[in-house]
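Chain and residue survey
What follows is the residue order along each chain.
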Amino acid sequence: MENLSLLIDLHKHAKRQGPGGDAETRKALQFCRVDPARPIKVADIGCGTGSSALLIANELNASVTAVDLLDPFLDILKIRAEETGLSGRITTLSCSMDHLPFEDEEFDILWSEGAIYIIGFERGVREWKQYLKPGGYLVVSEITWLTGTRPSELQKHWDHHYSEIDVASSKISVLENSGYSPAGYFTLPEYCWLDNYYNPMMKRFDAFLKRNGNSAEAKDIVESEVKEIELYKKYSEYVGYGFYIARKHS
Ligand code: SAH
């Protein structure tokens, strides 16, 4: 089995495919001054199995386009939407975030939790803006330095994995220089990483390895996740997820 299928197999049964939490999605939503009765259009880009898409569809009078590259995640999202009576409000779209088929100024809110890094923060912020109505909101969570300096082991790891990682003030400058006004910022608490993401993942490791015949590839994936978890636990003071809420200029 190739690596991508294994990664899907490890992650598709999770509620989330990255750090986050319903309370934090709701908190970010509160920074968007949107009347919950007004019909609006939202796109959730890199939605995974849909925790944020489902919450937004439930809390607002929103028609949500849930975009992901991987169909197995979207299939689960569809089941979750049916189970929660939200399928009438959610449309799934299997597509890459760098080739979005949207109209100019189509959306009131563009949402993306733990996924904009795939296209790169600056590129995503700039390219996606065209799809937002003037006055619409961009809401993204993004790996962020929590301190001005940090240990070299951590710096090296992230320089290698995502060179755009930066402090919040730099990310906010990117927003300001790309035609948005910052409307809110907060960081995800540690439980969003540990209780909501890493601990449930660790509980799935044994079954994952068994399902995949303890293959070397499956073991490699577990090993690299374990390393990531250890690194996070060691350095959570220095690195986290920032939630950025920004309003497109009129
Ligand atoms: N927002 C979800 C998932 C975050 S993980 C959550 O917070 O739980 C990142 C997601 O981006 C995964 O679901 C992955 O399948 C998706 N993804 C990866 N590359 C992509 C691309 N090029 N275009 C769209 N989605 C992509």
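First things first, this report covers the structure right here in the doc. (Residues numbered from 1 in each chain as written. Predicted model: local features only at pLDDT ≥ 70, side-chain atom pairs only at ≥ 80, totals over all residues. Heavy atoms only, no water.)

Our focus in this paragraph is helix α4 (residues 71–83). With 13 residues, α4 should cover 18 Å at 1.5 Å per step; its first-to-last C-alpha distance of 18 Å lies within 8% of that length. The elements touched by buried residues of α4 are α1 (3–11), α3 (51–59), β2 (62–68) and β3 (90–94). Just downstream of α4, G85 is the residue with a positive phi angle, here 70°. (Helix = DSSP H or I, 4+ residues; strand = E, 2+ residues; numbered from the N terminus. Expected span 1.5 Å × (residues − 1). Contact = heavy atoms within 4.5 Å.)

In this section: the nonpolar core. Formed by 81 residues in total, the largest nonpolar core has its most connected members in I90, I109, L110, F121, W128, L138 and V139. Ranked by residues supplied to this core, first place goes to helix α8 (residues 190–211) with nine residues. Filtering out sequence-adjacent residues up to four positions away, W128 remains in contact with I45, M97, L100, L110, S112, I116, I119, L138, V140 and Y180. (Core = buried A, V, L, I, M, F, W, Y, C linked by side-chain atoms within 4.5 Å. Buried < 20%, exposed > 50% of the residue type's maximum accessible area, 1.4 Å probe, protein only.)

With that settled, consider the side chain of D68. Among the secondary structure elements, D68 is positioned in strand β2. No salt bridge is formed by the buried D68, whose closest oppositely charged neighbour, R80, lies at an N-O distance of 11 Å. A distance of 3.3 Å separates the side chain of D68 from the backbone nitrogen of C47, its partner in a polar contact. With residues near it in sequence (within four places) discarded, D68 still touches G46, C47, G48, F73, L74, L93, S94 and C95. (Lys, Arg positive; Asp, Glu negative; His and termini not counted. Salt bridge = Lys/Arg side-chain N within 4 Å of Asp/Glu carboxyl O. Polar contact = N/O pair within 3.5 Å; in protein donor to acceptor, adjacent residues only side chain to side chain.)

At E105, a position not held by glycine, the phi torsion is positive, near 55°. Tracing the sequence through the fold places E105 in the loop between β3 and β4 (107–113). Phi at N214 is positive, roughly 50°, even though this residue is not glycine. Its location among the elements puts N214 in the loop between α8 and α9 (216–235).

Let us now look at the side chain of E225. Relative to the helices and strands, E225 is located in helix α9. It is R204 that comes nearest to the buried, bridge-free E225 among opposite-charge side chains, at 7.5 Å. Beyond its immediate chain neighbours, meaning those up to four positions away, E225 contacts L10, H11, M201 and F205.

Take the pattern of salt bridges next. Scanning the entire structure with this criterion turns up 13 salt bridges. Among the salt bridges present, the one from D22 reaches R16, with a minimum N-O distance of 3.4 Å. Classification of D22 by relative accessible area gives partly exposed; the value is 28%. Taking the relative accessible area as the measure of exposure, R16 reaches 8% and is therefore buried. As a salt-bridge pair, E113 and R16 come within 3.2 Å of each other at their nearest N and O atoms.

Around the ligand, a shell composed of 17 residues is seen, among which Q17, G46, D68, M97 and E113 lie nearest. Here a nitrogen atom of the ligand sits 3.3 Å away from a polar atom, N or O, in the main chain of L69. In this structure, a nitrogen atom belonging to the ligand sits 3.0 Å away from a side-chain N or O atom of S96. For the ligand, whose free accessible area comes to 570 Å², the fraction covered by protein is 89%. Classifying every residue of the shell around the ligand gives eight nonpolar, six polar and three charged. (Near = heavy atom within 4 Å. Areas by Shrake-Rupley, 256 points an atom, 1.4 Å probe, with all protein chains shown as cover. Nonpolar A, V, L, I, M, F, W, Y, C, P; charged D, E, K, R; others polar.)

Keep in mind these numbers describe shape, not what the thing actually does.
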